[in-house]
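Spelled out, the chains give:
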Amino acid sequence: MKHAEAAPDPVDTRLGARLAELRAERGWSLGELAERSGVSRSTLSRAERAEISPTASLLNRLCAVYGRTMSQLLSEVEQEPALLVRATEQHSWEDRSSGFVRRSVSPPHAGLRGELVEGRLAVGADIAYDRPPVPGLEQHIWVLEGSLEVTAQDVEHRLDAGDCLRLRVWGPTRFRCAGAEGVRYVLAVVLP
């Protein structure tokens, strides 16, 4: 008996279509995008066709190539942002492979440079970004629950509940759940 394949997640489908549009707008082949991003052609193709749910690391690499923050990219696959975003309308995205859940509390909006994101990392979750989506991106990381280790510019910072780290991101960063329980934090992002 053959099992029917699960339908792709609607957000992954819209995200894949947007990624394909961005590549087409620049006139790049999958090979050119693979060379620029360091992501294999097959992975890029599967993400554009929504055959896979892209990881945070993959989206970060593509955002760097396209000069967008992850929130900007994700907001492009949602409806036009409202000034007031009710809790029930705040979109979440999950990187199932790493145990990372990202909720756009105040999604990006045309003419505004800042946004708020809630991040949750499961116990043991460890996410590394090889580059910022936008060089010089300003971030404020405020831990609400648990412990978080953030590495930026080869310096490791341990943040516990209530602690806040402010930085500009120029190179690789790493976010790791540092405690015996998950961590929940607010990420304030400000474009340079």
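For the structure itself, look to the data block above.
Residues numbered from 1 in each chain as written. Predicted model: local features only at pLDDT ≥ 70, side-chain atom pairs only at ≥ 80, totals over all residues. Heavy atoms only, no water.

Engineer: Any chance you could explain the nonpolar core here in plain terms?
Structural biologist: Nonpolar side chains in soluble globular proteins tend to be buried together. Counting 45 residues, the largest nonpolar core has Leu121, Ile141, Leu148 and Tyr185 as its most contacted members. Sorting elements by how many residues they give to this core places helix H4 (residues 56-66) first, with seven residues. Leave out the neighbours within four places in its chain, and Ile141 touches Leu148, Val150, Leu159, Asp163, Cys164, Leu165, Leu167, Phe175, Tyr185, Val186 and Leu187. (Core = buried A, V, L, I, M, F, W, Y, C linked by side-chain atoms within 4.5 Å. Buried < 20%, exposed > 50% of the residue type's maximum accessible area, 1.4 Å probe, protein only. Helix = DSSP H or I, 4+ residues; strand = E, 2+ residues; numbered from the N terminus. Contact = heavy atoms within 4.5 Å.)

Engineer: Is there a simple way to explain the sheet that holds strand E6 (residues 147-152) in this structure?
Structural biologist: Across a sheet, paired strands are connected by hydrogen bonds in the backbone, their directions being either parallel or antiparallel. Here four strands make up an open sheet; going across it, the order is E4-E9-E6-E7 and the pairing antiparallel. Edge positions in the open sheet fall to strand E4 (126-129) and strand E7 (155-160), since each of these has one partner strand only. For this sheet the average axis-to-axis angle between neighbouring strands, irrespective of direction, equals 15°. Relative to E7, E6 runs antiparallel, the two being bridged by six bridges. Looking at the pairing, Ser147 lines up with Asp160 of E7. (Pairing = 2+ DSSP bridges. Axes fitted to C-alpha atoms, helices over the stretch in contact; angles between N-to-C directions.)

Engineer: Would you explain the packing of aromatic side chains in this entry?
Structural biologist: Here a ring pair, both rings aromatic, is described through the centre-centre distance and the interplanar angle of the planes. Applying the stated rule across the entire model yields three aromatic pairs. On the basis of an interplanar angle of 15° and a centroid distance of 5.8 Å, the ring pair of Trp28 and Tyr66 is categorised as stacked. One end of the pair, Trp28, is in the loop between helix H1 (10-26) and helix H2 (30-37); the other, Tyr66, is in helix H4, and 38 residues separate them in sequence. For the pair Trp28 and Tyr66, one class covers both residues: buried. Relative to Phe175, the ring of Tyr129 lies with its centre 6.2 Å away and its plane at 80°, an arrangement referred to as edge-to-face. Within this pair, whereas Tyr129 is found in strand E4, its partner Phe175 is found in strand E9 (residues 173-177), the two being separated by 46 residues in sequence. Site record: aromatic cluster; members linked through ring pairs are Tyr129, Phe175 and Tyr185. A cation over an aromatic ring shows up here: Arg26 above the ring of Trp28, its NZ or CZ 5.8 Å from the ring centre. (Phe/Tyr/Trp six-rings, centres within 6.5 Å; stacked < 30°, edge-to-face > 60°. Lys NZ or Arg CZ within 6 Å of the ring centre and 35° of its normal.)

Engineer: Would you mind going over the environment of Arg14 with me for this structure?
Structural biologist: Note that Arg14 resides in helix H1. On the accessibility criterion, Arg14 (36% relative accessible area) is partly exposed. As for Arg14 and Val134, which are separated by 120 residues in sequence, their C-alpha atoms are 23 Å apart.

Engineer: Where do I start with the side chain of Gln139 in this structure?
Structural biologist: Looking at the secondary structure, you find Gln139 in strand E5 (residues 137-145). Taking relative accessible area as the criterion, Gln139 reaches 10% and is therefore assigned buried. The contact partners of Gln139, leaving out residues within four places of it in the chain, are Leu165, Arg166, Leu167, Val169, Phe175, Leu187 and Ala188.

Engineer: I keep staring at the environment of Arg158 and nothing clicks. Help me out?
Structural biologist: Residue position: Arg158 is located in strand E7. Residue class for Arg158 comes out partly exposed when judged on its relative accessible area of 47%. A C-alpha to C-alpha distance of 12 Å links Arg158 and Val183, two positions 25 residues apart in sequence. Apart from the residues lying within four places of it in its own chain, the contact partners of Arg158 are Ser147, Leu148, Glu149, Asp163 and Ala178. Here Ser147 takes part through its side chain, which lies 3.2 Å from a polar atom of the side chain of Arg158. Here the side chain of Arg158 touches Asp160 through a polar contact of 3.5 Å, side chain to side chain. (Polar contact = N/O pair within 3.5 Å; in protein donor to acceptor, adjacent residues only side chain to side chain.)

Engineer: Teacher, can you tell me more about the pattern of salt bridges here?
Structural biologist: Any two side chains of opposite charge can pair, so long as their charged atoms come close to each other. In the structure shown here, the tally under the stated rule is 17 salt bridges. For Arg18, the salt bridge identified is with Glu21, shortest N-O distance 3.0 Å. Here Arg18 and its partner Glu21 are both found in helix H1, three residues apart, which amounts to about one turn of the helix. For Arg18, a relative accessible area of 13% corresponds to the buried category. The exposure class assigned to Glu21 is partly exposed, which follows from its relative accessible area of 42%. A salt bridge links Glu138 to Arg168; the nearest nitrogen and oxygen atoms lie 3.9 Å apart. One end of the pair, Glu138, is in strand E5; the other, Arg168, is in strand E8 (residues 164-169), with 30 residues separating them in the sequence. Assessed through its relative accessible area of 23%, Glu138 is described here as partly exposed. By relative accessible area, Arg168 is classed as partly exposed at 41%. One salt-bridge network, held together by shared partners, links Arg103, Glu118, Arg120, Glu145 and Arg184. (Salt bridge = Lys/Arg side-chain N within 4 Å of Asp/Glu carboxyl O.)

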